[in-house]
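What follows is the residue order along each chain.
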Amino acid sequence: MLRCCNHDLMHRLNSHTQPPRNTSLLALIALFISIVMNCGLTPAFAQNDLSVGRKMLLEDNPGELWIDDGKALFFQVRGPKQASLERCDFGLGPGKLEGAAARLPRYFADTKRVEDLESRLLTCMTQLQGFERSALERNAISEPASRGSEIEALALYITSRSNGHPIQVSLDHPQEKAMYKAGEYLFFRRSGTNDFGCVQCHGEPDKRIRLQDLAPLTTHRGAQEVAASWPAYRGAHYVVRTLQWRLNDCVWQMRLPDLKYATDYSIALTTYLNRTGNGAPVQVPGFKR
Amino acid sequence: MHTPQPNYPLNPPLKHQNHQLRLALFGLSLCLLLSACGYPDANTTRELAERMVLEAFSGSPTHLKRIEQDPSQQLCSRINNAPISAADASTVLETARASIQYPASGVLMGDWKIGDTLAHDGAGDRIRNGKTEATTRNGGLCQNCHGLAPGEINVGNLGPSLTGYGKLRGTDPAIVKYTYDKIYNAWSVMPCSNMPRLGATGHLTPTQISHLVAYLLDQKSPINQ
């Protein structure tokens, strides 16, 4: 009754036309696992009698399969400028990934901007590799049950190199502080035909929309749990999703217009979320229902 | 080609330039140079964040209209839910009362069966890839937030349970009007509450709301069994 097999998704998987990378077989396996799980066992993963927990509990997270993909993409010489991403500086120096994602978003002197993981990836893929920004943006969020996008795989690989590192978003630079304050403002900003701001759904613990648990995001503990877990494997979509995807989906529920990819709006909200979640050890891929 | 947007506060904005903003930014740079101000103050934060909103969304002018706040939404957006002043609260309340429109028929209590369907319909009005969701009309969304008929499990808890709502209250004209007003504009009863102003924002029509009133109040409605 809660949810069952989605044949539409299977159909889309089969009709997918892009050339497969090695994830497609693995995605199929993951898809199979998820279908079995969704059809038979959903209640076992719920947090209490009523709720459909946000997190799934499974020892083997299919999202792991995307890490190797992301790693290969990171080191591969690609793009019009024929470069790998090894010279990309995520804040700790070119190619230094250990713990770097745990400190994002942060101010970058080369662009004079505060960037989060996804906007920094765009910077490096355009500047170092010569990819066209609009194409990257267009493909950043993949179709459900697809092989996933390059950015999704890269974002996961890069974040996974921070696994175990506590989130440490600094607000020392004035622009970082400004981003954080803007994110806080936006979190409480109500608009649209449903009068929603983020706080209407994420302001209190133990709240649900229908049976879906809503993460409380204004408290340290609530934000910690969430900030440390993205990118995450999304069971209902059979792909790895980034935080930008999650924001898109919430904005859609809020009845707002289409959110563009990786603008300051998203960077500000991410700065607010991650800063509030400081101290939580990164553990990706997360695993969401 | 995409031109990278400037970051704040040091670079001037590309779009939506106006005099005030430029002055503000100039003042800001002075502040930064002198490092003497409690940067960013509330006004600066609002200006920066509002500009982010303008740059973040795409779509038709009708769609983009949704990111603009009306005066009540502005008053009801309070960082960390800071308490609202009594004067502002009564402005919101009065504005909400004045917004309420009734069905041309004058009938506030419609058909509970239609209301039942509406109350359980969470669709409508959402925008993806520049298109508004294709439905004949928007759902009521009540199930997302409220307990409804007894024994229904798939219900949210952002609002109080409405199970037995009409059984407790009867169908006196006063309660019918109260219920209609509440659904049409929740802020006419409780300013700035988390419940959307479903009629006032145009999400639901007056006739739809009359059906929802019947769903809540009609003694035959499943919610009152």
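Calculation notes
- Residues numbered from 1 in each chain as written.
- Chains lettered and ligands numbered in written order.
- Predicted model: local features only at pLDDT ≥ 70, side-chain atom pairs only at ≥ 80, totals over all residues.
- Heavy atoms only, no water.
- Pairing = 2+ DSSP bridges.
- Helix = DSSP H or I, 4+ residues; strand = E, 2+ residues; numbered from the N terminus.
- Axes fitted to C-alpha atoms, helices over the stretch in contact; angles between N-to-C directions.
- Salt bridge = Lys/Arg side-chain N within 4 Å of Asp/Glu carboxyl O.
- Buried < 20%, exposed > 50% of the residue type's maximum accessible area, 1.4 Å probe, protein only.
- Parallel < 35°, antiparallel > 145°, perpendicular 65-115°, else oblique.
- Contact = heavy atoms within 4.5 Å.
- Buried area = accessible area lost by both parts, 1.4 Å probe.
- Polar contact = N/O pair within 3.5 Å; in protein donor to acceptor, adjacent residues only side chain to side chain.
- Nonpolar A, V, L, I, M, F, W, Y, C, P; charged D, E, K, R; others polar.

Once that is clear, we can look at the sheet that holds strand S5 (residues 232-234) of chain A. Residue and element names in this part refer to chain A. Strand order in the open sheet formed by three strands is S6-S5-S8, and the pairing between neighbours is mixed. Two strands in the sheet have a free side with no partner beyond their single neighbour: strand S6 (239-241) and strand S8 (286-288). The mean angle between the axes of side-by-side strands here comes to 35°, regardless of whether they run parallel or antiparallel.

Let's shift gears to the pattern of salt bridges. Applying the stated rule across the entire model yields 19 salt bridges over all chains. Salt-bridge contacts for B:Glu50 lead to A:Arg189; the nearest nitrogen and oxygen are separated by 2.9 Å. Of this pair, B:Glu50 sits in helix H2 (residues 42-56) while A:Arg189 sits in the loop between helix H7 (174-187) and helix H8 (199-202), which puts the two residues in different chains. Under the relative-accessibility criterion, A:Arg189 is labelled buried at 8%. Taken together, the shared-partner salt bridges in this structure form one network comprising A:Asp110, A:Glu115 and A:Arg120.

Residues and elements named next belong to chain A. Relative orientation of the contacting elements helix H3 (residues 64-75) and helix H6 (residues 150-160) amounts to 95°, with a least axis distance of 7 Å. Here H3 lies roughly perpendicular to H6, going by the angle between them. Together, Trp66, Ile67, Asp69, Gly70, Lys71, Leu73, Phe74 and Phe75 of H3 and Glu150, Ala153, Leu154, Leu156, Tyr157, Ile158 and Ser160 of H6 make up the contact between the two elements.

Moving on, we come to the interface of chain A and chain B. Listed by partner, the interface residues are 51 residues for chain A and 64 residues for chain B. Between chain A and chain B, the buried area comes to about 5,300 Å², and carbon and sulfur atoms account for 53% of it. On the chain A side of the interface with chain B, the three residues burying the most area are A:Arg190, A:Arg210 and A:Arg255, jointly 16% of the side's total. Inspection of the region where chain A meets chain B yields three salt bridges. Notably, a salt bridge pairs B:Arg128 with A:Asp249, separated by 3.2 Å at the nearest N-O pair. Inspection of the chain A/chain B interface yields 32 residue pairs in polar contact (both at pLDDT 80 or more). When residues of the side of chain A that touches chain B are traced back to their parent elements, those giving at least two are strand S2 (113-115), helix H5 (133-139), H7, H8, strand S3 (207-209), helix H10 (243-253), strand S7 (258-259) and helix H11 (264-276) of chain A. Residues of the side of chain A that touches chain B, tallied by class, amount to 23 nonpolar, eight polar and 20 charged. Direction of pairing for S7(A) relative to strand S1 (residues 57-58) of chain B: antiparallel, over a ladder of two bridges.

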